[in-house]
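The residues making up each chain are set out below.
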Amino acid sequence: MTNLDAAPPGLPEYRDNPFIAALPPLWSTSETYEHLRLLPHYDSAERQYPDHVRPHCIMRLFRYFEPLEQHLTLADRFGMLLRQGYLGRNPNQGDYQRQLQNSVARMESGSLLAKRFAVPNSAAGFALLGDSGIGKSTAMERTLAQYPQTIYHDKPFSLHQVTWLKVECPQKGGPNQLCINFFGELDRVLETNYLDKYGSSSRTLGLAMQRMAHLASIHALGALIVDEIQHLLHTRGMDAEDVLNFLVTLVNTIGVPVIIIGTQNAVAVLQGKFRQARRASGIGSMIWERMPYGKKWNHFVERLWQYQWTREFTPLDDGLRAVLHEESQGIIDVVAKLFM
């Protein structure tokens with residue numbers, strides 16, 4: 001957990017909002033690039049290490065991350081989404097407290113649409129879609145790593161702010177399991193016991209979602225990231241649609257930004273309920289394609305190619321670039337493993 005004493009951001013709409021002021025400053029594109037970049041340790045002298053040692057050096061490439069233009073765009077959009085979502089939940093203006101009162105009303109009435117006060121809503125949602133192995137989840141994790149996940153506030157009241165929470169749609173267990181995963185992940189971050197308290201007793205999907213929304217309100221959740229959303233599409237019956245409606249409700253009613261990540265199979269989600277959560281924010285969904293052969297591909301391969309632990313260094317040429325693209329079909333995860 002991090003207790004930040006950061007200077008208020010310069011933008012007037014971000015001033016006097018402790019949820020935003022505690023976040024990292026707004027970085028330039030070059031600063032964002034440096035923060036996202038993750039380079040493995042490398043020393044050319046290691047190429048002379050014994051055969052049984054050098055394979056361990058190669059394993060460092062699993063942690064290699066070279067930001068591309070799409071990664072910078074994702075980081076920029078997430079930063080905007082997170083801050084915009086907190087505009088409508090400013091505790092210094094009473095919006096956060098009114099949201100809590102609305103959350104109590106929802107718990108008492110059993111309806112996610114119940115409320116006692118009108119509260120401004122500045123939240124939005126978007127989807128990040130692309131083929132498996134294209135690097136969506138890795139890029140999202142690098143972006144999230146730039147933000148403290150929890151921030152403790154001791155004034156004007158005691159609160160553990162959770163800036164982001166990432167959960168996966170389960171392959172088995174259905175939407176109810178998604179809520180249980182949320183309780184468990186919140187416990188991991190805050191060292192609470194919400195899973196023991198709510199997990200077994202939330203037998204109906206409606207009750208589980210009400211409790212999930214209530215906890216999101218209590219801890220001022222900045223953004224919920226739901227990965228592998230395509231698993232939800234395989235759920236039979238109306239439960240899948242109920243969860244999609246719930247994600248939209250988190251954005252449009254509770255004021256919590258939601259990001260869904262999935263494969264191209266999840267495009268049906270955008271064509272259905274979740275598109276309503278995009279609102280008029282200007283933060284549209286992102287669909288990542290396989291990297292085409294060209295300037296961007298050459299840049300990525302050239303950066304990766306320098307990490308060689310063979311005795312003899314092999315220069316990179318156009319033939320190798322072309323073969324790597326043909327064999328990987330422009331999928332980043334595949335080309336990295338081929339190189340390894």
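Residues numbered from 1 in each chain as written. Predicted model: local features only at pLDDT ≥ 70, side-chain atom pairs only at ≥ 80, totals over all residues. Heavy atoms only, no water.

A.B. asks: Where do I start with the side chain of Gln308 in this structure?
C.D. replies: For Gln308, the position within the fold is in the loop between helix 12 (295–305) and helix 13 (318–328). A polar atom in the side chain of Gln308 sits 2.8 Å from the backbone oxygen of Thr314. With residues up to four places along the chain from it excluded, the contact list for Gln308 reads Tyr42, Arg47, Phe313, Thr314 and Phe339. (Helix = DSSP H or I, 4+ residues; strand = E, 2+ residues; numbered from the N terminus. Polar contact = N/O pair within 3.5 Å; in protein donor to acceptor, adjacent residues only side chain to side chain. Contact = heavy atoms within 4.5 Å.)

A.B. asks: Help me understand the confidence of the model for the protein chain in this model?
C.D. replies: A low pLDDT means the predicted coordinates there should not be read in detail. Here the protein chain shows a mean pLDDT of 86. Residues at 70 or above account for 89%. Summarising per-element confidence for the protein chain, the mean pLDDT is lowest in helix 11 (residues 267–271) (64) and highest in helix 3 (residues 54–58) (97). Confidence over residues 2–9 falls short of pLDDT 50; this stretch has 17 contacts with residues more than four positions distant or in other chains. (pLDDT = per-residue confidence, 0-100.)

A.B. asks: Looking at this model, I keep getting lost on the environment of Leu38. Mind explaining?
C.D. replies: You can see Leu38 is positioned in the loop between helix 2 (29–36) and helix 3. Sequence separation between Leu38 and Glu66 is 28 residues, and the spatial gap between their C-alpha atoms is 6.6 Å.

A.B. asks: Any chance you could explain the nonpolar core here in plain terms?
C.D. replies: The biggest cluster of nonpolar side chains holds 40 residues, and the ones touching the most others in it are Phe182, Leu224, Val226 and Leu247. Looking at this core, the elements with two or more residues in it are strand 1 (125–130), strand 4 (165–168), helix 7 (174–190), helix 8 (194–199), helix 9 (205–218), strand 5 (224–227), helix 10 (239–254) and strand 6 (258–262). When neighbours within four sequence positions are excluded, Leu224 is seen to be in contact with Leu165, Val167, Phe182, Met212, Leu247, Leu250, Val256, Pro257, Val258 and Ile259. Residues Leu23, Tyr96, Ala139 and Leu159 belong to the second largest nonpolar core, which totals 34 residues. (Core = buried A, V, L, I, M, F, W, Y, C linked by side-chain atoms within 4.5 Å. Buried < 20%, exposed > 50% of the residue type's maximum accessible area, 1.4 Å probe, protein only.)

A.B. asks: Would you mind going over the packing of helix 7 against helix 9 with me for this structure?
C.D. replies: The relative placement of two packed helices comes down to the angle between their axes together with the axis-to-axis distance. Closest axis-to-axis distance for the helix 7/helix 9 pair is 9 Å, and the angle between their directions is 30°. With respect to their mutual orientation, helix 7 and helix 9 come out roughly parallel. For helix 7 against helix 9, the interelement crossing comes out left-handed. Contacts between helix 7 and helix 9 involve Pro175, Asn176, Cys179, Phe182, Phe183 and Leu186 from the first element and Leu205, Ala208, Met209, Arg211, Met212, Leu215 and Ala216 from the second. Among the residues forming the contact of helix 7 with helix 9, the class breakdown is eleven nonpolar, one polar and one charged. (Axes fitted to C-alpha atoms, helices over the stretch in contact; angles between N-to-C directions. Parallel < 35°, antiparallel > 145°, perpendicular 65-115°, else oblique. Left-handed = near helix turned anticlockwise from the far one by under 90°. Nonpolar A, V, L, I, M, F, W, Y, C, P; charged D, E, K, R; others polar.)

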